[in-house]
Amino acid sequence: MDILPCEIWEEVVKNLTALDLINFCKSSDEFLFLLRGKNVVINFDLGGCFAAHKEQLYKQISQEVAYEYIKRLNINKLYWLTLEEIRDIVRLLPHLEELRALDTILGMRNEDVNLYRKLKKLAISVEADQFTSPRELYRDNLSNLRSLCIKFVTKYRADFRRIYYMFFNELRKLDDLWIYDADDVEVQSLRYDYIVCNLRNLQTLVIKSKTNLTLLDYQPFGLLKIYERRRSNITTICYVLSVKLEVLQLNNRKRSLSEVFESRTEKSWNVVHSFLTEIPCTLKTSLHIYKSKSIKNLDFNELSFYHTRVCNSTFINAVIDILLSKRSRSLKKLCLTFCVLQGNIEIRLINSLIYRKFNILEGNVDQTEKQNVFRHVINNCRHLTDLEIVSCLNNDKMEVDEIPFRVPWFESIHIDLDRLFSAFNRVLSSKLQRVVIKCDYEHSSQLWPLEKLLRRNNELILLVILVAKYNRHQIARLQDLLNERVDCPAKIYVAKTAMAPGDDLAIPEAHKDIVYFDSNISVLHFSDF
């Protein structure tokens with residue numbers, strides 16, 4: 001501490017998540033001063049921090065943190081917090097300008113709206129029947145709002161005319177709007193055209209919907225569609241005001257990235273692009289490619305080679321070339337198809353991600369090494385945190401999200417649960433947070449490996465085991481064991497034969513991404529709003 005000045009320490013810790021910051025400062029009394037630093041706590045980020053269930057957040061913020069300096073608060077996915085605790089935290093912060101509270105109990109009730117008076121940016125999940133306030137309440141409390149992310153969890157029996165006229169019509173200064181129609185049951189689409197027509201200051205519009213969206217063309221309002229993704233039953237579209245774009249109208253014509261290919265990787269990229277209807281990267285990367293017409297100086301962070309029924313050696317070899325190139329060495333998130341792996345991947349997947357014992361292979365692999373392609377991809381992409389493996393012919397998927405090895409997702413017709421749980425138990429450094437396992441049947445019924453896993457992984461926030469051929473007795477026996485380890489409202493442990501949206505068992509919105517097969521790779525994440 002005597003070596004570095006306070007300003008340097010502030011720079012070191014200011015990008016930590018809020019919980020990491022608190023834990024770091026608690027490690028020594030000499031660091032407690034950092035929690036009083038304006039530049040440190042101005043951005044208080046707890047979003048998706050499932051470990052926060054162990055903390056009394058209001059008490060910590062009010063007693064240990066210089067809360068008067070907090071301007072940006074992120075509590076996305078902290079679904080276990082009570083409504084009063086969230087309201088107390090928001091009321092505590094006198095200079096709060098941005099609040100992200102997706103997938104929490106906070107919404108658009110009268111008492112909630114009164115909390116938003118000073119906000120310039122708001123992200124919130126709502127039920128449509130919460131919009132019962134008079135127009136004047138929205139006008140008085142949302143007049144400063146410039147950016148809004150609103151997620152409709154349910155639209156059931158709501159009078160949407162009231163929402164259009166009484167709510168959206170009062171957001172005249174809004175220039176950034178993200179709308180997520182996440183209703184799993186209702187099939188009626190929202191009236192996006194009415195919203196766009198009345199919010200004439202919009203510069204960015206993002207729509208995500210589980211309903212079947214028809215063609216939405218907002219060019220008459222100056223909004224150009226620059227991004228579209230269709231994953232399973234979810235469509236995401238991004239529009240940007242045309243005068244903000246540095247590129248001209250984007251077209252769908254397949255073209256090479258340059259007249260002369262500068263590298264084998266660039267040629268492979270063009271081959272992949274010719275097979276896929278979507279550019280397999282994020283919005284930010286896509287815009288960079290459109291502007292520069294090259295991937296020469298680009299390092300990929302996310303790539304999704306998801307496709308259906310276009311499997312062939314040309315496509316597969318091009319994908320492998322890209323993944324083994326230096327452009328992919330910074331890759332963090334990857335979606336692959338089974339055809340690229342060419343073989344039984346389950347054992348290699350576990351071995352590669354748990355033990356990481358393989359050497360780096362420079363360059364491309366020859367035909368004799370194709371059966372080990374996954375090993376070489378892992379060795380070249382050593383910064384992977386998220387992995388999805390998808391069947392080319394349907395939507396079956398096996399996902400591994402590792403930070404390190406944080407979220408396995410395993411799906412197969414048959415999984416030996418004893419061996420799987422035993423494999424997890426052999427990984428001394430594993431920090432499991434969410435596990436979802438789905439299979440038709442499994443031969444063994446011993447529970448001691450699972451008992452050991454639960455004892456060793458107290459951080460495990462979500463565990464869903466779906467075995468289609470289990471009988472009622474087996475499910476009950478498994479659920480009894482899981483219930484013994486649920487020691488707080490944040491933990492969701494479930495054993496069933498099957499699960500689908502609309503089931504009587506409530507899965508929090510924060511976990512539906514992993515339970516119901518929503519892709520997390522190369523898509524627009526509303527939690528990043």
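Nothing here was measured: the structure is a model prediction, and the numbers come from that model.

### Let's talk about the packing of helix H17 (residues 448-456) against helix H18 (residues 472-484)
Running from N to C, H17 and H18 point in directions that differ by 20°, and their axes come no closer than 10 Å. As judged from the angle between their axes, H17 and H18 are roughly parallel. The handedness of the crossing between H17 and H18 is right-handed. Here Leu450, Glu451 and Leu454 of H17 lie close against H18, whose contacting residues are Leu478, Leu481 and Leu482. For the contact of H17 with H18, the per-class residue count stands at five nonpolar, no polar and one charged.

### Section: the confidence of the model for the protein
One rule of thumb: low pLDDT means the predicted coordinates there are not for detailed reading. Confidence in the prediction of the protein, expressed as mean pLDDT, is 80, and 82% of residues score 70 or more. Put simply, helix H14 (residues 346-355) is where the protein has its lowest mean pLDDT, 35, and strand E3 (residues 98-101) is where it has its highest, 98. Every residue in residues 247-259 scores below 50 in pLDDT, and together they form 25 contacts with partners more than four places removed in sequence or on other chains. Confidence over residues 343-368 falls short of pLDDT 50; this stretch has 54 contacts with residues more than four positions distant or in other chains.

### Quick notes on unusual backbone geometry
With phi around 70°, Lys77 is a residue other than glycine that occupies positive phi space. Within the secondary structure layout, Lys77 lies in the loop between strand E2 (72-74) and helix H5 (83-92). Accessibility expressed as a relative area gives 19% for Lys77, which makes it buried. We note that Asp103 has phi near 60°; this positive angle belongs to a residue other than glycine. Structurally, Asp103 can be placed in the loop between E3 and helix H6 (110-113). Under the relative-accessibility criterion, Asp103 is labelled buried at 11%.

### A closer look at the packing of aromatic side chains
The relation between two aromatic rings is expressed through the spacing of the ring centres and the mutual angle of the planes. Within the structure shown, the criterion is met by 19 aromatic pairs. Here the aromatic rings of Phe275 and Phe315 are separated by 5.7 Å at their centres, their planes lie at 75°, and the arrangement is edge-to-face. Highlighted residues: Phe275 in helix H10 (residues 264-275) and Phe315 in helix H12 (residues 313-323), separated in sequence by 40 residues. Through successive ring pairs, a cluster of aromatic residues spans Phe131, Tyr138, Phe152, Phe160, Tyr164, Tyr165, Phe167, Phe168 and Tyr194. The residue whose ring lies beneath Lys208 is Tyr180, and the NZ or CZ to ring-centre distance is 4.6 Å.

### A look at H5
When we look at burial in H5, the residues that qualify are Leu83, Ile86, Arg87, Ile89, Val90 and Leu92. Against helix H4 (57-64), E2, E3 and H6 lie the buried residues of H5.

### Points about the environment of Asn43
Position of Asn43 relative to the elements: it lies in strand E1 (residues 43-45). Take Asn43: its relative accessible area is 33%, and that puts it in the partly exposed class. Separated by 28 residues in sequence, Asn43 and Lys71 have C-alpha atoms that sit 6.3 Å apart.

### Quick word on the nonpolar core
In this structure, Phe167 and Phe168 are the most contacted members of the largest nonpolar core, which totals 96 residues. Those residues within four positions of Phe168 in sequence are excluded, and the remaining contacts are Ile150, Phe152, Ile163, Leu177, Ile179, Ile195 and Leu199.

### Section: the sheet that holds strand E5 (residues 147-154)
Across the sheet, nine strands lie side by side as E1-E2-E3-E4-E5-E6-E7-E9-E8; this open sheet has mixed pairing. With partners counted over all chains shown, the strands left at the sheet margins are E1 and strand E8 (223-231), one partner each. In this sheet, adjacent strand axes meet at a mean angle of 10° when their direction is disregarded. Where E3 lies against strand E4 (residues 121-127), four bridges are found, and the strand directions are parallel. Residue pairing across strands places Leu99 opposite Leu122, the latter belonging to E4.

Thresholds, definitions, all that
Residues numbered from 1 in each chain as written. Predicted model: local features only at pLDDT ≥ 70, side-chain atom pairs only at ≥ 80, totals over all residues. Heavy atoms only, no water. Axes fitted to C-alpha atoms, helices over the stretch in contact; angles between N-to-C directions. Helix = DSSP H or I, 4+ residues; strand = E, 2+ residues; numbered from the N terminus. Parallel < 35°, antiparallel > 145°, perpendicular 65-115°, else oblique. Left-handed = near helix turned anticlockwise from the far one by under 90°. Contact = heavy atoms within 4.5 Å. Nonpolar A, V, L, I, M, F, W, Y, C, P; charged D, E, K, R; others polar. pLDDT = per-residue confidence, 0-100. Buried < 20%, exposed > 50% of the residue type's maximum accessible area, 1.4 Å probe, protein only. Phe/Tyr/Trp six-rings, centres within 6.5 Å; stacked < 30°, edge-to-face > 60°. Lys NZ or Arg CZ within 6 Å of the ring centre and 35° of its normal. Core = buried A, V, L, I, M, F, W, Y, C linked by side-chain atoms within 4.5 Å. Pairing = 2+ DSSP bridges.

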